[in-house]
Amino acid sequence: MAYQKSSELNGLHNGQVIKEYLNGFDKKSIEPKKAELTSKQQIKDSDDVCKRSAIEDAYTTVLRELGENVDREGLLRTPLRAAKAMQFFTKGYQETVEDILNDAIFNENHNEMVIVKNIEMFSLCEHHLVPFFGKVHIGYLPNNKVVGLSKLARIVEIFSRRLQVQERLTKQIATAISEALEPAGVAVVIEAAHMCMVMRGVQKMNSKTVTSSVLGLFQEDPKTREEFLILTKNN
Amino acid sequence: MNLVTEFHYNNDFNELSLEPKKTTSQQRKQHESSRKEAEDESRLPVLEAAYTTILRGLGEDTDRQGLLKTPLRAAKAMQFLTKGYHEDVYDVLNDAIFDEDHDEIVIVKDIDMFSLCEHHLVPFFGRVHIGYLPNKKVVGLSKLARIVEIYSRRLQVQERLTKQIAMAISEALQPAGVAVVIEAAHMCMVMRGVQKMNSRTVTSCMLGVFREDPKTREEFLCLTQNA
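The sections below set out a description of the structure shown in this document. Note that the structure is a prediction, hence the values are computed from the model and not measured.

### Observations concerning the overall build of chain B
Okay, step 1: Each helix and strand in chain B was counted, giving ten helices and seven strands.
Okay, step 2: Looking at the 227 residues of chain B, the share that counts as buried comes to 53%.
Okay, step 3: Residue pairs at least 24 apart in sequence account for 70% of intrachain contacts in chain B once pairs closer than 6 positions are excluded.
Okay, step 4: For chain B, the computed accessible surface area is about 11,000 Å², with 50% contributed by carbon and sulfur atoms.

### Re the overall build of chain A
Okay, step 1: Along chain A, the regular secondary structure elements total ten helices and seven strands.
Okay, step 2: Sequence-distant contacts, at least 24 apart, represent 68% of the contacts inside chain A between residues at least 6 apart.
Okay, step 3: Carbon and sulfur atoms provide 51% of the accessible area of chain A, an area that totals close to 12,600 Å².

### Some details on unusual backbone geometry
Okay, step 1: Phi at L129 of chain A is positive, roughly 60 degrees, even though this residue is not glycine.
Okay, step 2: Assignment of secondary structure puts L129 of chain A in the loop between β2 (114–125) and β3 (131–141).
Okay, step 3: Owing to a relative accessible area of 11%, L129 of chain A belongs among the buried residues under this scheme.
Okay, step 4: Phi is positive for Q195 of chain B, close to 55 degrees, though the residue is something other than glycine.

### Points about the layout of surface pockets
Okay, step 1: In this model, the largest pocket occupies a volume close to 1,200 Å³.
Okay, step 2: Taken together, 42 residues make up the lining of the largest pocket; nearest its centre are F133 and K208 of chain A together with F125, A185 and R200 of chain B.

About the cut-offs
Residues numbered from 1 in each chain as written. Chains lettered and ligands numbered in written order. Predicted model: local features only at pLDDT ≥ 70, side-chain atom pairs only at ≥ 80, totals over all residues. Heavy atoms only, no water. Helix = DSSP H or I, 4+ residues; strand = E, 2+ residues; numbered from the N terminus. Buried < 20%, exposed > 50% of the residue type's maximum accessible area, 1.4 Å probe, protein only. Contact = heavy atoms within 4.5 Å. Areas by Shrake-Rupley, 256 points an atom, 1.4 Å probe, with all protein chains shown as cover. 1 Å grid on protein atoms, 1.4 Å probe; cavity = no way out; pocket = protein on both sides within 12 Å on 5 of 7 lines; lining within 4 Å. Points joined across faces, edges and corners; volume = space filled by probe spheres on them.

Here it is, written out as structure tokens:
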């Protein structure tokens, strides 16, 4: 409980923090930080709302031009819902790796491979604005620093909730992990189905696209890479 | 127009019954939305401008290389995904209705279906199983899949889609019964909102003998069950 409170006060000057911690918690000192956090969230929310109305109008135009009757019951609030959905699908633009890592990097005397596989991924193709989704497998060789496992999945979320190209997404995930942890090697493999190929265009139902990005030891040593690929194979 | 009438008017059928409709071809065309295939090309610039606004509103840089032609591609993609609006069942059937002395169940199953949720404009997709009991008239099998295409390439709600497919087949063939089952995954539930990856929505529409006789319905459901 005390630890939680002191991390909330991280933003204050060092001396102030210790004073608060030792003297018990004066509600007034926690309020400004909370207020700051709430106001940041409020600014972000009101920002979202402003942009949303422009997006809503655009969606109303789209519905009309597609020949639909925008006044029928099922479509009345569709521009709003579609705008909110699009903002959710691109929320990764507002997130940074530093924020979500949340200092969940630990010193651990471990330098064997760590793999988190079958992480579901949903993204939007930047060429057609149609979803593509699939699985991400991440492996890294720690250099005495390990990361909280869910943070790998959160890094996938940040970069996938954007307008993306699968190749770039793979590389961004690998680079982000390598910058944050400085491991001996990182490997990321993504296997996804692209709705732009399945629902339209060439219309091939069962096709999947596989991309990979290997850095460090995974790139240099074929045996390490092979171990990762075998361990992430789904039968 | 009250809400119920409007719902029927906009959704291509006026009565939920198996009686053959006495609509003329012109009346049917009136029911379609205001989308004509020939006009698609001319509507593209407005759609493109709307998509550019959307991209900018989401905070993207519309001048970067990957996004330069995205408004045009997205506009064309949306038009393709809603092309069902300018298709008509009678055009697609192409007179492929044949007199055949057959009155046993005919099933076409595992028809892949892709549609757009009308609430969020996000895809939902799955499989359609169609069965019908011919009344001396059988239809070309691919036409059943084409009927699915017409109604699914629209802004839809799964319940309505199921009903429209069943009604279209029953109007065209006047069979003894029609059964349609759709099992689909909704990206609006998987990619956002409640985010349940493995959930599937199943809807069905049973008309005629399939509705009245439980044994017939059971036969259809058994034959379309995938092990």
